[in-house]
Amino acid sequence: MTAGVGTFAQANPSPAYVRYSGRVIPPAAGPEQRMVIQFSLYAEDSGGPALWSEKQTVLVGVDGRYSVLLGAGSSEGVPSQLPAQIR
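We now turn to the structure provided with this report. All figures in this text were calculated on a predicted structure; none of them were measured in a lab.

As for the overall build of the protein
Here is step 1: On a plain count of helices and strands, the protein comes out with zero helices and four strands.
Here is step 2: Traced from its N-terminal end to its C-terminal end, the protein shows the element sequence β-β-β-β.
Here is step 3: Looking at the protein residue by residue over its 87 residues, the buried ones come to 23%.
Here is step 4: Considering only contacts within the protein whose residues lie at least 6 apart along the sequence, 52% involve residues at least 24 apart.
Here is step 5: A total accessible area of about 6,700 Å² is found for the protein, and carbon and sulfur atoms account for 53% of it.

Some words on the side chain of Gln 56
Here is step 1: Following the sequence through the fold, Gln 56 ends up in strand E3 (residues 50-60).
Here is step 2: For Gln 56, a relative accessible area of 12% translates into the label buried.
Here is step 3: Among the polar contacts made by the side chain of Gln 56, one reaches the main-chain carbonyl oxygen of Leu 69 at a distance of 2.9 Å.
Here is step 4: Not counting the four nearest positions on each side in its chain, Gln 56 is found in contact with Met 35, Val 36, Ile 37, Phe 39, Val 68, Leu 69, Leu 70, Gly 71, Ala 72 and Gly 73.

Regarding the environment of Ala 16
Here is step 1: The residue Ala 16 is located in the segment before strand E1 (18-23) in this model.
Here is step 2: By relative accessible area, Ala 16 is classed as partly exposed at 32%.
Here is step 3: Sequence separation between Ala 16 and Val 78 is 62 residues, and the spatial gap between their C-alpha atoms is 5.3 Å.
Here is step 4: Not counting residues up to four positions away in its chain, the partners in contact with Ala 16 are Leu 70, Gly 71, Glu 76, Gly 77 and Val 78.

Some points on the nonpolar core
Here is step 1: Counting 12 residues, the largest nonpolar core is built from Met 35, Ile 37, Phe 39, Leu 41, Trp 52, Val 58, Val 60, Tyr 66, Val 68, Leu 70, Val 78 and Leu 82.
Here is step 2: Per-element tally for this core: the top contributor is strand E2 (residues 33-42), with four residues.
Here is step 3: Ignoring sequence-local partners within four residues, the contact set of Phe 39 consists of Tyr 20, Trp 52, Ser 53, Glu 54, Gln 56, Tyr 66, Val 68 and Leu 70.

Notes on the environment of Gly 71
Here is step 1: As for its position among the elements, Gly 71 is in the segment after strand E4 (65-70).
Here is step 2: Sequence separation between Gly 71 and Phe 39 is 32 residues, and the spatial gap between their C-alpha atoms is 9.6 Å.

The rules we used
Residues numbered from 1 in each chain as written. Predicted model: local features only at pLDDT ≥ 70, side-chain atom pairs only at ≥ 80, totals over all residues. Heavy atoms only, no water. Helix = DSSP H or I, 4+ residues; strand = E, 2+ residues; numbered from the N terminus. Buried < 20%, exposed > 50% of the residue type's maximum accessible area, 1.4 Å probe, protein only. Contact = heavy atoms within 4.5 Å. Areas by Shrake-Rupley, 256 points an atom, 1.4 Å probe, with all protein chains shown as cover. Polar contact = N/O pair within 3.5 Å; in protein donor to acceptor, adjacent residues only side chain to side chain. Core = buried A, V, L, I, M, F, W, Y, C linked by side-chain atoms within 4.5 Å.

Here you go:
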């Protein structure tokens, strides 16, 4: 009989999401509207390549405010490989 010690990875880890709220200037005044917004995460404060990016269609209120779950645009969510200060 052989016994082994190891770690087991979860077969389907839960996707990671990041709640984010913001405000945009809607292209037209009026009632709530849907807008496609691209979200990107960067390692640097200014410029450099995006570490992660996704587009989402969000509901923007009459005041331009919206709230999203970053990572909800894919089945994987926000990649766990991103530095912790970004997630």
